[in-house]
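Inside the fold
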Amino acid sequence: MKNILFNSGKHKPLSSFALLVMRASFGLMMLSHGWPKLMSFIDSPSSFPDPIHIGPALSHGLTVFAEFVCAILVVIGLGTRWAAFPIVVAMAVAAFVIHGKDPFSEREMAMLYLSAFTTIMILGSGSYSLDKAISGK
């Protein structure tokens, strides 16, 4: 079970450094989207869009969880593959549901995040992460 949750993958030092840069840069950029959503969730969660018909408050809460909580976990490399998954789902909904009928330029940012976090989810956190420190491999 420990391998599934905290497996950082086997990477060479340069690949691990590249994963660290990718995790840190995209994770911190995602936080810049998650923080305002967290602040608005505290103020009025019912004014958030409900693209998958689960209720605006739940949609808002899940988006805050993905864009704020999971982004922090990706940055520090803790449960990275699991933490990247909610972000991937949120970005897929943003790109293909919320902005599905918009021109590409409106979907581009969500698709970039989708690509980056899908890559992180597939490759794992690399050697420079808490996942690696916990697994010891």
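This text follows the structure it describes.
Anyway, here's the lowdown on the structure attached to this text. (Residues numbered from 1 in each chain as written. Predicted model: local features only at pLDDT ≥ 70, side-chain atom pairs only at ≥ 80, totals over all residues. Heavy atoms only, no water.)

Concerning the packing of aromatic side chains
- Scanning all chains against the criterion turns up four aromatic pairs.
- A ring pair is formed by Trp35 and Phe68, whose centres lie 5.8 Å apart and whose planes are at 45°; its orientation type is tilted. Here Trp35 is found in helix H2 (residues 13–43), whereas its partner Phe68 is found in helix H3 (residues 56–76), with 33 residues between them in sequence.
- On the basis of relative accessibility, which here comes to 18%, the residue Phe68 falls in the buried class. (Phe/Tyr/Trp six-rings, centres within 6.5 Å; stacked < 30°, edge-to-face > 60°. Helix = DSSP H or I, 4+ residues; strand = E, 2+ residues; numbered from the N terminus. Buried < 20%, exposed > 50% of the residue type's maximum accessible area, 1.4 Å probe, protein only.)

Some remarks on the packing of H2 against H3
- It is the contact of H2 with H3, at a shortest axis distance of 8 Å, that shows an interaxial angle of 150°. In the packing of H2 onto H3, the handedness of the crossing is left-handed.
- For the contact of H2 with H3, a count of residues per class yields 15 nonpolar, seven polar and three charged. (Axes fitted to C-alpha atoms, helices over the stretch in contact; angles between N-to-C directions. Left-handed = near helix turned anticlockwise from the far one by under 90°. Nonpolar A, V, L, I, M, F, W, Y, C, P; charged D, E, K, R; others polar.)

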